[in-house]
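# Architecture and fold: a report
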Amino acid sequence: MDAYGPQGWWPADTPFEVMVGAILTQNTSWLNVPGAIDSLKGLTPMEPAALLDLPVQDLRKAIRPSGYYRQKSDRLRDLCRFLVDRFDGGLNIMDRHDTDQLREMLLAIRGIGPETADSILLYALNRPAFVVDAYTKRIFDRLGLLNGAGDYHQVQELFTDNLPADPEMFNEFHALIVVHAKERCRKKEPLCEGCGLDDICPFPQSSQ
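Residues numbered from 1 in each chain as written. Predicted model: local features only at pLDDT ≥ 70, side-chain atom pairs only at ≥ 80, totals over all residues. Heavy atoms only, no water.

### So, the overall build of the protein
Across its full length, the protein holds 11 helices and 0 strands. Ordered by position from N to C terminus, the α and β elements of the protein give α-α-α-α-α-α-α-α-α-α-α. Since a compact globule built from 208 residues should have a radius of gyration of about 17 Å, the 18 Å found for the protein is in line with a globular shape. In terms of overall dimensions, the protein has C-alpha extents of about 55 × 35 × 30 Å along its principal axes. Surface accessibility of the protein: about 11,000 Å² in total, with carbon and sulfur atoms responsible for 48%. Here the protein contributes 22 positively and 30 negatively charged side chains, and the mean placements of these two sets differ by 10 Å. (Helix = DSSP H or I, 4+ residues; strand = E, 2+ residues; numbered from the N terminus. Rg over C-alpha atoms; globule rule 2.2 N^0.38 Å. Areas by Shrake-Rupley, 256 points an atom, 1.4 Å probe, with all protein chains shown as cover. Lys, Arg positive; Asp, Glu negative; His and termini not counted. Charge placed at Lys NZ, Arg CZ, Asp CG, Glu CD.)

As structure tokens, this is what we get:
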């Protein structure tokens, strides 16, 4: 936080827009997502039923900048159908269920895995679900804190077992992990010296 400041993540106008973004950012950089969302907004209200009513070819054309647009159009429609059929499209109804129930429901939707489900829970529904991604694994593996654990849930437990279940803190912590991985703890040619964690990190800095 001292190095980067508050990140204001997830950038979106509504919780449903966060859900759409969570699908569109799969297997791509977030930089490719805002343009796709803006294109969608230009075609239809950002609501589950309205997105379902959008012709699939128009949907695919709008989200094409995010990549894998055919696959993601199917996943978006499956998510919207779930929201409409199960909750009449109302996220306030969805919010009445506990976090574990919601997670199971989301994971049952085609194309939604643990990272996407937890992103929806944390950033759209303000639930204490810590999101684990490649950036998280990279930094904490280099810090020597994963002890060989690579399973999503094992890594997630490192955070949930040692931190209070505070969604606001989980939100900011994950966003800061992402920015640090992009700015300093890069996959290739990391900028180790003076990164802020270099005094406690056993990662072989001299070889970089």
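### Notes on the nonpolar core
Ranked by size, the top nonpolar core spans 59 residues in total, and within it Phe16, Met19, Leu40, Phe82, Leu83, Met94 and Leu106 carry the most contacts. Contact partners of Phe82, with chain neighbours within four places excluded, come to Phe87, Met94, Met105, Leu106 and Ile109. (Core = buried A, V, L, I, M, F, W, Y, C linked by side-chain atoms within 4.5 Å. Buried < 20%, exposed > 50% of the residue type's maximum accessible area, 1.4 Å probe, protein only. Contact = heavy atoms within 4.5 Å.)

### Thoughts on the environment of Ile93
Relative to the elements of secondary structure, Ile93 occurs in helix H6 (residues 91-94). For the pair Ile93 and Thr44, spaced 49 residues apart in the sequence, the C-alpha separation amounts to 23 Å.

### Describing the packing of aromatic side chains
The relation between two aromatic rings is expressed through the spacing of the ring centres and the mutual angle of the planes. In the structure shown here, the tally under the stated rule is 11 aromatic pairs. Measuring from centroid to centroid gives 5.7 Å for Phe159 and Phe173, while their planes differ by 75°, and the two rings are edge-to-face. Of the two residues, Phe159 sits in helix H10 (residues 152-160) while Phe173 sits in helix H11 (residues 167-183), which places them 14 residues apart along the sequence. With a relative accessible area of 3%, Phe159 lands in the buried category. Take Phe173: its relative accessible area is 26%, and that puts it in the partly exposed class. (Phe/Tyr/Trp six-rings, centres within 6.5 Å; stacked < 30°, edge-to-face > 60°.)

### Details of the environment of Met94
Relative to the assigned elements, Met94 resides in helix H6. Not counting the four nearest positions on each side in its chain, Met94 is found in contact with Met19, Phe82, Leu83, Phe87, Leu102, Leu106, Leu125 and Arg127.

### What to know about helix H2 (residues 33-43)
Those residues of H2 not exposed but buried are Val33, Ala36, Ile37 and Leu40. Seen end-on, H2 carries its buried residues on one side only, within an arc spanning 100°. Residues of H2 that are exposed and point over 90 degrees away from its buried face: Asp38 and Gly42. For H2, the secondary structure elements touched by its buried residues are helix H1 (15-24), helix H3 (48-53) and helix H4 (56-63). (Arc of directions from axis to C-beta.)

### Notes on the packing of helix H7 (residues 99-107) against helix H8 (residues 114-124)
In a pair of packed helices, the angle between the axes and the distance between the axes together describe the arrangement. Interhelical geometry of H7 versus H8 gives an angle of 135° and a closest axis separation of 9 Å. The angle between H7 and H8 places the two elements in the oblique class. Handedness of the crossing formed by H7 with H8: right-handed. Mapping the contact onto sequence places Thr99, Leu102, Arg103, Leu106 and Leu107 in H7 and Pro114, Ala117, Asp118, Ile120 and Leu121 in H8. The class makeup of the residues in the contact of H7 with H8 is 7 nonpolar, 1 polar and 2 charged. (Axes fitted to C-alpha atoms, helices over the stretch in contact; angles between N-to-C directions. Parallel < 35°, antiparallel > 145°, perpendicular 65-115°, else oblique. Left-handed = near helix turned anticlockwise from the far one by under 90°. Nonpolar A, V, L, I, M, F, W, Y, C, P; charged D, E, K, R; others polar.)

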